[in-house]
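The lines below spell out each chain.
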Number of protein chains: 2
Amino acid sequence: MATPDSRDHTIIQLPEAISINLQAVRIGICGLGTVGSGTFNVLRENAGEIAARAQAPVLVVHVGARRDNPACDLTGVRVSRDIFAVATDPEVDVLVELIGGTTVARELIETAIRAGKHVVTANKALIAEFGNELFALAAEYNVAVRYEAAVAGGIPIIKALREGLAGNRIEWLAGIINGTGNFILSEMRDHGREFADVLAEAQALGYAEADPTFDVEGIDAAHKLVILASLAFGIPLQFSSVYTEGITGVTPQDLRYAEELGYRIKHLGIAKQGDRGVELRVHPTLIPADRLLANVNGVKNAVLVEGSAVGSTLYYGAGAGGKPTASAVVADLVDLARDLSAGQISRVPSLSFCHESLQDLPIVPMAEVETSWYLRMEADDRPGVLSRIATIFSDQGISIEALIQKAPQAGQTRVPLIVLTNRAPQGKVDIAVQQIEELDSVAGRVTRIRVEVLDG
Amino acid sequence: MATPDSRDHTIIQLPEAISINLQAVRIGICGLGTVGSGTFNVLRENAGEIAARAQAPVLVVHVGARRDNPACDLTGVRVSRDIFAVATDPEVDVLVELIGGTTVARELIETAIRAGKHVVTANKALIAEFGNELFALAAEYNVAVRYEAAVAGGIPIIKALREGLAGNRIEWLAGIINGTGNFILSEMRDHGREFADVLAEAQALGYAEADPTFDVEGIDAAHKLVILASLAFGIPLQFSSVYTEGITGVTPQDLRYAEELGYRIKHLGIAKQGDRGVELRVHPTLIPADRLLANVNGVKNAVLVEGSAVGSTLYYGAGAGGKPTASAVVADLVDLARDLSAGQISRVPSLSFCHESLQDLPIVPMAEVETSWYLRMEADDRPGVLSRIATIFSDQGISIEALIQKAPQAGQTRVPLIVLTNRAPQGKVDIAVQQIEELDSVAGRVTRIRVEVLDG
Ligand SMILES: NC(=O)c1ccc[n+]([C@@H]2O[C@H](COP(=O)([O-])OP(=O)(O)OC[C@H]3O[C@@H](n4cnc5c(N)ncnc54)[C@H](OP(=O)(O)O)[C@@H]3O)[C@@H](O)[C@H]2O)c1
Ligand SMILES: NC(=O)c1ccc[n+]([C@@H]2O[C@H](COP(=O)([O-])OP(=O)(O)OC[C@H]3O[C@@H](n4cnc5c(N)ncnc54)[C@H](OP(=O)(O)O)[C@@H]3O)[C@@H](O)[C@H]2O)c1
C-alpha cells in the first residue's frame, strides 16, 4: 500500500477529514466487460463513500483488458493488454478477476496469489469447480480470495451465510439463482408465451448469453448452488454432485395448471441437510403461490435459508447486471480494505467453516430424494383408466393429494390428467411413471415436476 | 483469552481436527430473559458448528442474572447475581448485554468497555439514544460494540448495510421493523378485526409487551430506523429527529378500502436521502399489494434497501423471539471470535462510516416531506360537495389520482369518500385537510395515511 499522495492518479475527491493518514488500497481489475466496467465505475462514482466506509481510499491503479471499454474513462490508470501484468504488478494489493471462464481466469488468480495478492472474483464457474484448490493455495500464501459476486449478483447472500447466520445449523436453502431462467418462466406464466419465444427475447435484452445453455439447462444455477451448500453445511465444493435439470421442458400449459392448483413454477436450486446426507439439486419446482419466493419475478434472484435458530430468512435483489454485480465486488473490496488498513486480514474462512472442519458428507442419491410431485399425462377419457392409474400409485405406496381431469377438447378422446402426489422418493415415482407410460390408455410421456412447500 | 484446556468448563465437544491450538473466546452474558436464554442455548446447541466457523470455541464462562432461568442449564458456568461482576471479570473477553433499558444497561456496557471488553447487545433503545457516546467510548478503549440483534431480530440487516452494500450510495430504505405492529395489521386485514381486540391477542401470545406503547406507538420502530439510517447515510444517531406515528388509528375499514384500491397498509420505518437532507419517519403506509413488502405478514420483519449500484434488495425473516434474536447475537460473537483469533479486531466502523466522516445532514421537516396520500372522510351525499372538495385540493396544487365514493348505508345521508392524491408535501395536505374538515358537508375528522410506491 502507498499513501495516496505518493501516486499520480489520486484524482478522487475524499472528504477532507478522512484523507489524512490513510493508505490507499490499490486495486487491479482484469476484464473490462459488463462486470469489470461496472466495478470500475462504481469505485469511481462512490469513491468518497467507499473510502469513508473502508477507512482508506480504494483506488484502481491498473486495468488489464484486451481493449478499452468506452464506458470507462481510464485516464490516469495504467492499462495493460496482458492481464498477467496486473497479477504480478508490485503496486497492486488486490486483483479483481472479471474475465470469466475456468482456464485463463484460474491461471490468472493463481499467479496473483503466488505474487501475494488478495483476490476478488465474480466467477462462479471457477469457484464451484476449482475453489477447493484456489482456497488451499490462498491459505498457503496467506491471502484472501473473496467471491460475494459469484452468487446472486448484488445480494449479499454469501456474507449472510458465512457471517450473518454463523450461529445456526443451516437446515436447507432454496434459491432462484439464475435471473435469465426466472425471467423466462415469469414471462411464460404472465403472457402464456412459449419457451423458445421468450428465450429469444431474453437474448435480445442481453439477459441470456448467446449460448444460453448455462442458464436454461441449470448449469449456472448448479455452480451457485454448490457454493451456497458448501457455505451452509461445511462441505467441500463438489460441482459434479449436483443433480441438474433445466427449464426447457416447462410448458405454458404446466404453468397454467400449476396456477389453478395454487402453485407457481420456479427454477430452484435446493440444498438440504438431513440424516442421510446432503441433497443438492436444481430443477423446476412447484411452490405455493403465496410464498415470497413464488412472487420473485423477472430477472430478480432470491434465496430462502432455513436456520436452526433464526428460522426462515430471505434475501432478494438483482442477481445480475454490471452495477448490481459490481456492488458485491466492491463489498468484498471494502471488507479487504478495512482489514488491510488494520494491517491484518481477518480470519473469515473462505467457505465459512475452517478448512480442517470441512466434512465430506454423503450426497443423497436422487432415487432416494423425497418430494411431492406434479404429474401430467394424456389419458383416455373412459371408465377404468383412472382407477388403473390410481392402482399403480398405490402399489408404489404413493398417495395422491389431488387429481384434476380436464374436459376433453372438441373432437379429442384423450384428456389432460394432472396428479399431485404426497411426498414420495423419486425411485418409486420413476417406477410408477414407467408403468403409466406403458398403459395403452395413456399417450406419450408423463410430464413430472417436483413440488416443494418450503415450510420452516 | 485462554486455551480451552486451561479452564475447567470446556465441556463442549468440538470436532477433533479444530480443537488443537485454539484459544477459546470467553463470553459473559448479562440478562437471562427471552434473548439471554436463547443466546445461552444457541451457543450450547451449535457449539461445534460455531467453533468450526469462528475458528475458536465460543464459551459462556460467566452469566449475570438476578435469578436462574429454568430454560438454561448453568452447570459449570459461573453465575453472579450482580451483573456488574461480569463486566469486570478478567476471565471475560466479550460482554453480552441482554437486560434491556437505557439506564443500568448503559452503565453496565460502559463498565465493560472501561474494563477492556468487547460488547455485544440487542438493545435498540440504548443504541438509538446513546450509541454515539458508547461508540466513542469504545473507540477510546479500542474495543468493539456490536448490535446486529438490535434491528430486525435475526435478519442480518446491519451487516448488509454496513458491509454487504458498502459499495453503494444508499438512496432510501423502508422496513417493517416491528413484528407486533405487523402482526396486528395482518390480523386486522385478514379477519376484519378491531385493533384493540388483536392487540389483546398479541399480548396473550407474548408478542407485545404488557405495556405495548413502544410497539403500537412506533417508538420501537423509530429506535430501529434511526440505527438503519445512520448506517445507510453516515449520519450520527439522532432518535429525537424521527417523526413517529403509530398504528392505533388504523381501522379495519381503511384496511379494506386500501385493498379495494390495490394497496396494503403496513407500518413502515422510512429513511430517505435527498437534495434537501434526510427524511426519517415511521408511520402507517399504503403500499401496492404486489410488492414483496406488502406480502410480509404476521410477526415477520423485512427491510427494503435502495442502493445506487445494486438497486433494490430486500431482507426478510423473524424480527423477534429468543432464538431468532440469539442468531444475530451469536453472529456478532462469531465475527469477534474470528477477529480475536487473529489477534486483532477488524476495523469495521460502528456506524459503517468511519467516525470522522459522519455528517450531520439536515433533517427534512415533515411539512416538506412529499408522499401520495390516502384520505378518507364522511361527506354529505348531495350535489356540489365533491366539486367543493376537489377545489380545495386544486387550490393547494394537489392533484387527485383516484376518488371513490361508497354507496350510502341505509338511512344514512353521509357517504365515505376516499381520495388518493398524487405526491404532495404534507404542509399542503395539512391546509387542504383543515379546510375540508371545516366544511359543513363533511363530518368529523379526515383520516389520512401516506402512500408510498417503493419503486427503485
Ligand atoms: N454479467 C453478469 O451479470 C454477471 C453476474 C455475476 C457474475 N458474473 C461473472 O462475472 C465474470 C465476468 O462476466 P461479464 O458478464 O462481465 O463478462 P463479459 O461482459 O463477457 O466480460 C468479460 C471481459 O473479460 C475479457 N476477457 C475474457 N477472456 C479474456 C482473456 N483470456 N484475456 C483477457 N481478457 C479476457 C473480455 O475481453 P474481450 O471483450 O476482449 O473479449 C471482456 O472484457 C464472469 O465470471 C461471470 O460469470 C457476471
Ligand atoms: N425479545 C425479543 O424478541 C427481542 C428482539 C430484539 C431485541 N431485543 C432486546 O433484547 C434485550 C432483552 O430483551 P428480552 O426480550 O430478552 O427481555 P426479558 O425477557 O425481559 O429479559 C431481560 C432480562 O434482563 C434481566 N434484567 C433486567 N433488568 C435488570 C437489572 N437491572 N439487573 C439485572 N438483571 C436485569 C431480567 O431479569 P429479571 O427476570 O430478574 O427481571 C431478565 O432476565 C432488550 O434490549 C430488547 O429490546 C429483544
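Bear in mind that the values here come from a model prediction, so they are computed numbers and not experimental data.

S.K.: When you look at the site of ligand 2 in this model, what are you seeing that I'm missing?
M.R.: All names here are of chain B. As a matter of local geometry, ligand 2 sits amid 19 residues, with Thr 34, Val 35, Arg 66, Arg 67 and Gly 321 nearest to it. Gly 321 places a polar main-chain atom, nitrogen or oxygen, 2.7 Å from an oxygen atom of ligand 2. Relative to its unbound accessible surface of 890 Å², ligand 2 loses 73% to contact with the protein. Taken together, the residues of the shell around ligand 2 break down into nine nonpolar, seven polar and three charged.

S.K.: Could you clarify how one ought to interpret the UniProt feature "active site" (unreviewed entry) in chain A in this entry?
M.R.: Residue and element names in this part refer to chain A. In the numbering used here, UniProt assigns the "active site" (unreviewed entry) feature to Lys 224. Position of Lys 224 among the secondary structure elements: in helix H10 (residues 219-233). Since its relative accessible area comes to 4%, Lys 224 is described here as buried. Contact partners of Lys 224, with chain neighbours within four places excluded, come to Lys 124, Ala 150, Val 151, Ala 152, Ile 177 and Asn 178. A polar side-chain atom of Lys 224 sits 2.7 Å from a polar atom in the side chain of Asp 220.

S.K.: Quick question: what am I supposed to make of the relation of the copies chain A and chain B here?
M.R.: Each copy of the chain is related to the other by a rotation around an axis and a translation along that axis. If you rotate chain A by 180 degrees and push it 0.0 Å along the axis, it lands on chain B with an RMSD of 0.0 Å. The two molecules are tied by a two-fold rotation axis, judged by turn and shift. Considering only C-alpha atoms, the part of chain A nearest the rotation axis is A:Tyr315, at 2.4 Å. Counting the interface residues of chain A, we find that 100% of their copies in chain B are interface residues as well, pointing to one common contact surface.

S.K.: Can you help me understand the site of ligand 1 in this one?
M.R.: All names here are of chain A. Neighbouring residues of ligand 1: 19 residues in total, closest Thr 34, Val 35, Arg 66, Arg 67 and Gly 321. At 2.9 Å from an oxygen atom of ligand 1 is found a main-chain nitrogen or oxygen belonging to Thr 34. Within the backbone of Gly 321, one N or O atom sits 2.7 Å away from an oxygen atom of ligand 1. Against a free-state accessible area of 890 Å², the protein chains account for coverage of 73% of ligand 1. Along the lines of polarity and charge, the residues of the shell around ligand 1 split into nine nonpolar, seven polar and three charged.

S.K.: I'm lost on the sheet that holds strand E6 (residues 145-146) of chain A in this one. Help?
M.R.: Picture the strands of a sheet paired through backbone hydrogen bonds; they go either parallel or antiparallel. All names here are of chain A. Reading across from one edge, E3-E2-E1-E4-E5-E6 is the order of the six strands in this open sheet, with parallel pairing throughout. The open sheet has two edge strands with one neighbour each: strand E3 (78-80) and E6. When strand E2 (residues 58-64) meets E3, the two strands line up parallel, connected through three bridges. Bridging from a neighbouring strand, Gly 64 pairs with Ser 80 of E3. Along the sheet, helix H12 (residues 322-341) contacts strand E1 (25-30), E2, strand E4 (94-97), strand E5 (118-121) and E6; its crossing angle with E5, the most-contacted strand, is approximately 160 degrees.

S.K.: In this structure, what is going on with helix H10 (residues 219-233) of chain B? I would like to understand it.
M.R.: Since the α-helix turns once every 3.6 residues, residues separated by three or four places project in the same direction. Between its terminal C-alpha atoms H10(B) stretches 21 Å, which fits the 21 Å expected from 15 residues at 1.5 Å a residue. Immediately downstream of H10(B), the backbone of B:Gly234 shows phi near 70 degrees, a positive value.

S.K.: Can you walk me through the domain arrangement of chain A in this structure?
M.R.: The extent of an interface is frequently quoted as the accessible surface area lost upon association of the parts. Residues and elements named next belong to chain A. Partitioning chain A into structural domains gives domain 1 (4-153 + 323-357), domain 2 (157-318) and domain 3 (368-451). Computed over C-alpha atoms, the centres of domain 1 and domain 2 are 28 Å apart. Taken together, the contact pairs 24 residues of domain 1 with 24 residues of domain 2. When the two sides are added together, the surface that domain 1 and domain 2 hide from each other amounts to roughly 2,000 Å², 64% of it contributed by carbon and sulfur. With a closest N to O distance of 3.6 Å, Lys 124 and Asp 220 form a salt bridge.

S.K.: Looking at this structure, how should I read the pattern of salt bridges?
M.R.: Oppositely charged side chains are able to pair whenever their charged atoms sit close together. Residues and elements named next belong to chain B. In total, this model carries 66 salt bridges over all chains according to the counting rule given. Across the pair Arg 26 and Glu 91 runs a salt bridge whose closest N-O atoms are separated by 3.9 Å. Here Arg 26 is found in strand E1 (residues 25-30), whereas its partner Glu 91 is found in the loop between helix H3 (84-87) and strand E4 (94-97), with 65 residues between them in sequence. Residue Arg 26 is classed as buried on the basis of its relative accessible area, which comes to 6%. For Glu 91, a relative accessible area of 34% corresponds to the partly exposed category. The closest approach of N and O atoms between Arg 264 and Glu 259, which form a salt bridge, is 3.0 Å.

S.K.: Is there a simple way to think about unusual backbone geometry in this case?
M.R.: Glycine aside, residues mostly have negative phi angles, and peptide bonds mostly take the trans form. Residues and elements named next belong to chain A. The phi angle at Asn 142 is positive, at roughly 55 degrees, despite the residue not being glycine. Along the polypeptide, Asn 142 turns up in the loop between helix H5 (124-140) and E6. Assessed through its relative accessible area of 59%, Asn 142 is described here as exposed.

S.K.: What should I look at first to understand the side chain of A:Ser372 in this one?
M.R.: All names here are of chain A. Along the chain, Ser 372 falls in strand E13 (residues 370-380). Exposure remark for Ser 372: the relative accessible area of 13% places this residue in the buried category. Excluding anything up to four places from it in sequence, Ser 372 contacts Thr 421, Asn 422, Arg 423, Ile 449, Arg 450 and Val 451.

S.K.: For this particular structure, what's the right way to read the nonpolar core?
M.R.: Soluble globular proteins tend to bury their nonpolar side chains together. Grouped together as the largest cluster of nonpolar side chains are 124 residues, with contacts concentrated most on A:Ile157, A:Leu161, A:Ile227, B:Ile157, B:Leu161 and B:Ile227. Once residues within four sequence positions are removed from consideration, A:Leu161 is found in contact with A:Ala166, A:Ile170, A:Leu173, A:Leu228, A:Leu231, A:Ala232, A:Val305 and A:Ser352.

S.K.: Explanation requested: the packing of helix H7 (residues 179-191) of chain B against helix H11 (residues 252-260) of chain B in the structure shown.
M.R.: Think of two packed helices as two axes; the pair is described by the angle between the axes and how far apart they sit. Residue and element names in this part refer to chain B. It is the contact of H7 with H11, at a shortest axis distance of 9 Å, that shows an interaxial angle of 70 degrees. In terms of orientation, H7 and H11 fall into the roughly perpendicular class. Packed against H7, whose contacting residues are Leu 185, Met 188 and Arg 189, the element H11 presents Pro 252, Leu 255 and Glu 259 at the interface.

S.K.: What is the right way to look at the UniProt feature "binding site: NADP(+)" (unreviewed entry) in chain A in this model?
M.R.: All names here are of chain A. As recorded in UniProt, the sites labelled "binding site: NADP(+)" (unreviewed entry) are Cys 30, Gly 31, Leu 32, Gly 33, Thr 34, Val 35, Gly 36 and Ser 37. Secondary-structure assignment places Cys 30 in strand E1. Its relative accessible area of 0% is what places Cys 30 among the buried residues. In contact with Cys 30, not counting residues within four places along its chain, are Gly 64, Ile 83, Val 86, Leu 95, Val 96, Glu 97, Leu 98, Ile 99 and Leu 108. Tracing the chain through its elements places Gly 36 in helix H1 (residues 34-45). In this structure Gly 36 touches Ile 29, Gly 31 and Leu 98, once residues within four positions along its chain are discounted.

Conventions and cut-offs
- Residues numbered from 1 in each chain as written.
- Chains lettered and ligands numbered in written order.
- Predicted model: local features only at pLDDT ≥ 70, side-chain atom pairs only at ≥ 80, totals over all residues.
- Heavy atoms only, no water.
- Near = heavy atom within 4 Å.
- Polar contact = N/O pair within 3.5 Å; in protein donor to acceptor, adjacent residues only side chain to side chain.
- Areas by Shrake-Rupley, 256 points an atom, 1.4 Å probe, with all protein chains shown as cover.
- Nonpolar A, V, L, I, M, F, W, Y, C, P; charged D, E, K, R; others polar.
- UniProt positions renumbered as here; feature names shortened; annotations may be inferred.
- Helix = DSSP H or I, 4+ residues; strand = E, 2+ residues; numbered from the N terminus.
- Buried < 20%, exposed > 50% of the residue type's maximum accessible area, 1.4 Å probe, protein only.
- Contact = heavy atoms within 4.5 Å.
- Least-squares fit on C-alpha atoms with pLDDT ≥ 70 in both.
- Pairing = 2+ DSSP bridges.
- Axes fitted to C-alpha atoms, helices over the stretch in contact; angles between N-to-C directions.
- Expected span 1.5 Å × (residues − 1).
- Domains from an automatic or database assignment.
- Buried area = accessible area lost by both parts, 1.4 Å probe.
- Salt bridge = Lys/Arg side-chain N within 4 Å of Asp/Glu carboxyl O.
- Core = buried A, V, L, I, M, F, W, Y, C linked by side-chain atoms within 4.5 Å.
- Parallel < 35°, antiparallel > 145°, perpendicular 65-115°, else oblique.

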